[in-house]
Structure formats: structure tokens, C-alpha cells
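Residue strings, one per chain:
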Amino acid sequence: MRLIRPCYLWTIALFFFGTPFLYGQASSTKITDMVLTDIQDDAADVLVLFREVPDFSEVATLPTKQAMAEMVYARLRLAADQSQQVVKAWLDLHQLSYKAFWVVNALSVTVNREQLEQIAAFPEVQHITSDRAGIHMANVQMEPAAPPTGIEWGISKTRADQVWSSLGVKGKGAVVGGLDTGFKWDHPAIKLQYRGWDGVNASHDYNWFDGVKQNSPLNTSGSNPCGLDLKVPCDDDNHGTHTMGTMVGLDGENVIGMAPEAKWVACRNMERGWGAPSFYLACFQWMLAPTDVNGQNPDPSKAPHVINNSWYCAPEEGCPSLTELIPFEAAVNNLRSSGVMVVVSAGNSGPTCGTVQYGPAIFEKSFSVAATNVNNEAASFSSRGLVTFDASNRMKPNIAAPGHNVRSSIRGDAYAAFSGTSMAGPHVAGMVALMISANPKLAGHVDQIEQIIKETAVPHTTTEICGGVPGSQIPNPVFGYGRIDALAAVNKALLVANETEEQPQQFVLTPPYPNPFNPVTRLTLTVEKAERVNVSVFDALGRKVAELFNGVLAAQETKSFLFEAENLANGLYFIRATGTTQSHVRSATLLK
């Protein structure tokens with residue numbers, strides 16, 4: 001889409017008059033019914049969604065996942081900075097605190113009725129949706145405790161253990177991300193796989209973030225047992241630790257994880273299973289560009305390859321309309337554009353048809369997972385398609401995986417068996433780690449990864465008919481394309497290695513961020529093939545004012561640069577990267 005620039009004249013009207021009413025009245029169509037209901041109590045937590053969206057047209061052609069992530073990150077930050085500034089200034093003027101997001105162009109703020117109407121009047125604002133606490137994890141059922149049996153049934157059923165034994169691939173080099181109730185990072189089954197553990201010391205910066213800043217009003221049993229805004233991972237429910245164990249877990253006889261040599265990072269987005277839209281957006285944002293534990297210094301180069309999401313937003317819990325789902329779908333789409341695959345549990349509302357009905361499972365670009373049992377049957381609780389909530393009749397789920405009586409890690413360094421599509425999704429995320437470990441050139445190519453998974457799945461059919469689609473066809477609304485087969489998927493991933501190498505030469509300089517800047521801005525250069533490169537900065541008169549780099553970049557290398565302009569005058573500067581056969585120029589404005 002075309003980037004829509006804001007009109008900065010509005011800022012003048014704002015500071016002279018303090019309200020946006022000079023240039024338009026609030027449109028009630030911008031405010032969702034849930035917000036109008038909540039505001040009757042004189043205040044409501046809302047998300048202010050802005051119209052401006054960045055252009056990602058060149059991202060799909062970039063040669064590496066890091067290049068994709070850097071480009072998407074820069075464009076998202078710039079779009080948010082440019083379009084939010086007038087409303088931020090108004091909020092500051094009225095002494096209203098807010099949380100700004102860039103993974104979607106949004107602000108989270110608490111307002112009264114008059115303030116709500118005034119914010120809605122800004123032409124930059126597209127929608128105002130609810131930030132009411134209430135979104136929660138997909139319910140799971142605890143099964144009878146069982147002792148370790150060696151390789152757990154879900155691992156052997158999907159033939160992940162054969163990937164280890166026949167191909168020697170166990171996930172090394174891949175990174176999975178978990179968005180959940182928190183994680184007991186030092187559980188023996190997952191401690192060695194935590195990216196923040198080097199065998200001696202733990203470093204949680206860029207490996208953990210807590211999106212939960214307050215107790216959910218829906219939890220009536222006192223304060224959170226872990227606390228809030230944690231700088232060290234903790235699981236307040238067991239759910240997160242269990243899902244991570246299925247992705248990467250291994251501890252002696254407890255062979256529970258699909259990719260036991262992959263690394264993991266995590267973000268807590270639920271408070272004992274309950275959340276709010278801003279909790280979820282904070283973790284989506286962190287997964288695109290991880291930060292230190294204080295939420296500072298984002299770095300898209302540290303993003304995981306795949307993330308698991310075993311939660312949903314139901315109508316009675318904050319998402320009664322499609323408008324409330326806009327920020328979630330935008331976040332999923334932006335993560336995918338950056339090269340992160342988004343795996344989502346389909347839901348536990350089966351066996352009725354049309355029960356894949358909640359975001360993010362219903363979204364076109366999320367990879368939704370149904371649950372099977374040890375006999376390759378669809379679990380009775382597993383949600384069925386088609387998607388009717390948005391009238392799309394979209395085929396969901398996409399795929400199926402073991403989700404009944406799945407044994408994995410929980411708090412207290414213990415193990416337990418749970419049932420739910422929450423248990424199925426992590427099998428898929430772990431398999432993606434195996435695929436990328438086998439063929440690192442697949443990293444970031446989400447379309448290709450998903451196509452391989454669908455093509456290599458074991459087809460499963462049923463007599464059920466949903467939405468007029470017979471269960472005898474592939475894909476169908478019960479199993480999607482079938483149950484995952486890790487050995488077939490990894491072998492297929494190895495076969496396409498040569499295909500992923502045959503890409504056109506790329507030479508890409510990301511937009512500098514921040515822009516305007518003072519006094520430092522950052523950008524990255526990616527080259528597809530090794531070549532000598534010079535990166536220099538010129539002022540508006542064409543005079544060279546700085547040289548950022550002069551040397552050789554390796555094939556598919558992404559290098560970051562900082563342009564420090566502390567001793568330069570305000571104005572427009574041009575950053576030019578010149579290679580052997582091509583060049584790329586970006587502009588940046590210094591405003592002190």
C-alpha cells in the first residue's frame with residue numbers, strides 16, 4: 001500500500017486550541033461497540049489504531065531473514081513515528097499516559113468519554129478498539145500423570161526421532177519463540193536450550209520479556225505468584241513451560257521435545273492465563289525485534305524463526321467483532337513479512353463445525369493447528385472449520401499434530417500430560433526448527449516452509465462434513481492437509497536447498513531509523529553475493545561528511561551502521577552504499 005504522509009499543519013491547530021475539533025468531528029463509526037459499552041463506566045482502556053501502514057513491497061525479494069526483519073522493522077518504526085506524533089502531542093498536553101506500539105500502528109491509553117470523542121476526531125485515527133483484559137489461553141485438560149516412557153508418542157508419531165537418528169538434525173541453529181503464561185527457564189528439560197544460558201551464566205536481555213504489567217481483573221485469587229514486569233523468566237500457570245518442552249525439551253529419559261538442540265526465547269503475554277490486547281501486542285512486537293529486559297534497544301537480528309501461540313481472543317473476552325481483531329491480524333502479517341512464521345492453536349471448541357472462530361487462528365497468514373490422538377483420530381475437542389466468523393469460509397485448520405495426552409515439562413521441575421490444541425501447535429513449531437536447522441536457507445521464507453509442511457503431511461480424512469466440504473477431500477476442515485511428518489518435511493527441506501540458492505542478486509539498504517534523528521540513526525546493508533562496498537554520507541550540497549564502511553561484505557551478509565551526526569548541522573543527508581556494480585541511496589534528516 002502507498003505510504004500516506006501526515007499533514008503537519010494539524011500540529012499548529014493542536015497547540016493553539018488544544019483539541020482537534022477545528023478540522024473535523026469525531027466519527028462514531030471509528031469507535032467499536034465494546035468501547036462504547038465500557039466507557040459508560042466513565043473510563044475505558046482502548047487501542048487507538050492509525051491509518052498509515054508501511055509499504056513492504058520490496059521485502060519479499062530480500063535474500064535473508066535478517067534483511068527482511070531489518071527492512072520491516074525500519075518501515076514499521078517510521079510509519080508509527082510519522083503518524084502518531086500529533087495524537088501523542090495531544091495526549092501529552094492533556095497529561096494522559098500511553099503505550100506506543102509500532103508492530104501495529106497503535107497507542108494504548110485509558111480515556112473518559114470526552115477524551116475518547118476528541119481522539120476519534122483526529123483524521124489520522126482509523127479505529128478505536130477495546131484494550132479490556134480478558135483474552136486467554138486455549139483451555140487444556142490435565143491427563144493422569146505418567147512416568148517417562150523414553151521418546152514421547154507425539155515425537156515418534158511425527159517421526160522427529162528419525163530425523164535425529166537418520167539425518168543427525170536436532171534443531172541446532174534454529175530459534176523458537178514462545179508467547180505464553182511465562183516459562184520456568186531453568187527446568188532441566190529446557191534450561192540448556194534457553195538462548196540466555198551459556199552453561200555458566202544467564203543473560204535475559206534479548207531472550208526474555210514480560211508483557212504483563214498488571215494483574216488481570218479476571219483473576220480473583222490474589223496477586224500474581226511470579227510478580228509483574230519480570231526481569232527473569234517465571235511461569236505463573238504451567239502452560240508456557242509445557243508448550244516449550246514440546247518444542248525443545250530433553251532431560252535424560254524425558255524425551256519430550258521435537259527439536260532438542262534448538263534455542264528458545266520467550267515473552268509472557270498472559271497473567272495466569274488471562275491477558276489484554278496490549279499484552280499480546282507487546283509480545284508480538286518483542287518477537288519481531290527483541291529488546292533488553294527493560295524493553296529498550298530493539299534488535300531485529302535477534303528475532304526467532306518461528307513463534308508458538310496457544311491463546312485466543314473470544315467475543316465474550318474482548319473480541320466480539322472483526323474490528324477488535326484488526327491489531328492482531330496486522331501484527332501476524334507484519335511478523336510474517338519479517339520472516340517469522342506464526343504457529344497458532346486452532347482452538348478447543350470442537351467437534352462442532354465452524355468452531356475455528358477466534359483470532360489469531362482464523363487469520364489467513366497464521367498457521368493454525370488441529371489436534372490428533374495416538375490413533376491418528378481428530379481429538380473431539382479440536383476446533384473444526386470452515387471459518388465463518390469473518391464470512392470468508394476460509395479453510396482452517398491448516399495442519400494437524402499430536403495434541404491429546406501430551407506429556408511435557410511443568411513447574412517444579414516436574415512433568416505432566418495435557419490435552420488441547422495448545423499441545424499440538426508446539427509440535428509444529430518444533431518441526432519448523434528442524435527444517436531450518438537442516439536447511440538454514442529456508443529461514444525467513446515462510447511461504448515455502450508452510451508449503452513443504454502441507455505437501456509432506458500424512459493425509460487424514462473423515463466422514464465429517466463441514467460447510468459443505470466433505471472430510472474425504474484434502475485439505476479438509478478437520479485435519480487441514482493432514483498430520484505433520486517431520487522426517488518427510490526435513491527431507492523435502494533438504495531437497496529444496498538448491499532452489500533457495502537460486503535468487504537474484506540483491507543489494508539493499510534499509511531506511512534509516514530514527515528519521516528525523518538526533519544525533520544518531522541506524523540502517524543496515526545486505527548483499528546477496530560477496531563484494532567490496534563503500535558506505536558514505538553526503539550533505540545536501542553533495543559534500544562527503546562521513547564514511548561508515550569501506551570493505552568486503554560476505555555473501556548474504558547483513559551489516560548495520562550508525563551515522564553519528566553530533567558535530568554536523570541540521571539538514572538533509574544522503575547515505576550512499578556503493579558496490580562493484582550497483583548502489584543504493586537513503587536520506588535522513590538531522591533535527592537537533
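Quick note: structure is the one above.
Here the structure is a predicted model, which means the values were calculated and not measured. (Residues numbered from 1 in each chain as written. Predicted model: local features only at pLDDT ≥ 70, side-chain atom pairs only at ≥ 80, totals over all residues. Heavy atoms only, no water.)

J.: What am I meant to see in the overall build of the protein chain here?
T.: Scanning the protein chain from terminus to terminus reveals 13 helices and 28 strands. Rg of the C-alpha trace for the protein chain: 24 Å, near the compact-globule value of 25 Å for 592 residues, within the 12% margin. If one aligns the C-alpha atoms of the protein chain with their principal axes, the spans along those axes are about 70 × 65 × 50 Å. In the protein chain, which comprises 592 residues, the share counted as buried stands at 59%. Across the protein chain, contacts joining residues at least 24 apart in sequence account for 75% of those joining residues at least 6 apart. Of the roughly 22100 Å² that the protein chain leaves accessible, carbon and sulfur atoms contribute 50%. Charge separation in the protein chain, taken as the distance between the mean sites of 44 positive and 56 negative side-chain charges, equals 6 Å. (Helix = DSSP H or I, 4+ residues; strand = E, 2+ residues; numbered from the N terminus. Rg over C-alpha atoms; globule rule 2.2 N^0.38 Å. Buried < 20%, exposed > 50% of the residue type's maximum accessible area, 1.4 Å probe, protein only. Contact = heavy atoms within 4.5 Å. Areas by Shrake-Rupley, 256 points an atom, 1.4 Å probe, with all protein chains shown as cover. Lys, Arg positive; Asp, Glu negative; His and termini not counted. Charge placed at Lys NZ, Arg CZ, Asp CG, Glu CD.)

J.: What is the right way to look at the pairing of strand 11 (residues 263-268) in this model?
T.: Regular strands place side chains that alternate from one sheet face to the opposite one. Counting buried positions along strand 11 yields five of six residues, so the element is predominantly enclosed. Relative to strand 11, strand 9 (residues 208-210) runs parallel, the two being bridged by three bridges. Among the inter-strand pairings, Phe209 is bridged to a residue of strand 11, identified as Cys267. (Pairing = 2+ DSSP bridges.)

J.: I would appreciate a short explanation of the state of the cysteines in the present structure.
T.: Where two cysteines share a covalent bond between their sulfur atoms, that bond is called a disulfide. Inspection of the entire model under this criterion finds three disulfides. Covalent S-S linkage joins Cys353 and Cys466, the inter-sulfur distance amounting to 2.0 Å. Taking the sign of the torsion about the S-S bond as the criterion, the disulfide between Cys353 and Cys466, at about -70 degrees, is left-handed. Highlighted residues: Cys353 in the loop between strand 15 (341-345) and strand 16 (367-372) and Cys466 in strand 20 (residues 465-466), separated in sequence by 113 residues. (Disulfide = S-S within 2.5 Å.)

J.: Looking at this model, I keep getting lost on the sheet that holds strand 24 (residues 531-539). Mind explaining?
T.: Consider a sheet: its strands pair through backbone hydrogen bonds, and that pairing is either parallel or antiparallel. Spatially, four strands are ordered 25-24-27-28 in an open sheet, and the strand pairing comes out antiparallel. Single-partner strands in this sheet number two, and they are strand 25 (544-553) and strand 28 (583-590). Ignoring strand direction, the axes of neighbouring strands in this sheet form an average angle of 15 degrees. Sheet topology note: the strand 24/strand 25 ladder contains eight bridges and is antiparallel. Paired with Val537 across the strands is Ala546, a residue of strand 25. (Axes fitted to C-alpha atoms, helices over the stretch in contact; angles between N-to-C directions.)

J.: What should I look at first to understand the nonpolar core in this one?
T.: For soluble globular proteins, nonpolar side chains are generally found buried alongside one another. If you look at the biggest cluster of nonpolar residues, it comprises 62 residues, and the most contacted ones within it are Trp264, Met341, Leu434, Met435 and Ile453. Counting residues per element, this core draws most heavily on helix 10 (residues 421-438), at 10 residues. Counting residues in each nonpolar core, the second largest holds 58 residues, with Leu281, Phe284, Val344 and Val387 among its members. (Core = buried A, V, L, I, M, F, W, Y, C linked by side-chain atoms within 4.5 Å.)

J.: Hey, could you run me through empty space enclosed by the protein in this one?
T.: One simple way to see leftover space: roll a probe sized like a water molecule over the atoms. Taken as a whole and assessed by the stated rule, the structure comprises one cavity of 30 Å³ or more. Sorting the residues of the lining of the largest cavity by element identifies helix 5 (153-157) and strand 18 (406-410) as the ones contributing at least two each. Across the lining of the largest cavity, the residue classes break down as three nonpolar, two polar and two charged. (1 Å grid on protein atoms, 1.4 Å probe; cavity = no way out; pocket = protein on both sides within 12 Å on 5 of 7 lines; lining within 4 Å. Points joined across faces, edges and corners; volume = space filled by probe spheres on them. Nonpolar A, V, L, I, M, F, W, Y, C, P; charged D, E, K, R; others polar.)

J.: How should I be thinking about the packing of helix 6 (residues 160-167) against helix 12 (residues 486-495) in this particular structure?
T.: When two helices pack together, their arrangement is given by the angle between the helix axes and by the axis-to-axis distance. It is the contact of helix 6 with helix 12, at a shortest axis distance of 7 Å, that shows an interaxial angle of 45 degrees. Put simply, helix 6 runs oblique to helix 12. Listed contacts from helix 12 to Ala160, Gln162, Val163, Ser166 and Leu167 of helix 6 are Ala486, Leu487, Val490, Asn491 and Leu494. Split into classes, the residues belonging to the contact of helix 6 with helix 12 amount to seven nonpolar, three polar and no charged. (Parallel < 35°, antiparallel > 145°, perpendicular 65-115°, else oblique.)

J.: How should I be thinking about the environment of Val545 in this particular structure?
T.: Relative to the helices and strands, Val545 resides in strand 25. When the C-alpha positions of Val545 and Val344 are compared, they lie 49 Å apart, and in sequence the two are 201 residues distant. When residues no more than four places from it in sequence are discounted, the contact partners of Val545 are Val537, Phe538, Asp539, Leu568 and Tyr573.

J.: Which parts of the structure should I look at to understand unusual backbone geometry?
T.: Most peptide bonds are trans, and most residues other than glycine sit at a negative phi. With an omega dihedral of -5 degrees, the bond running from Gly385 to Leu386 counts as a cis peptide bond. The omega torsion of the bond from Lys396 to Pro397 falls at 0 degrees, within 30 degrees of zero and hence cis. Looking at the secondary structure, you find Pro397 in the loop between strand 16 and strand 17 (399-402).

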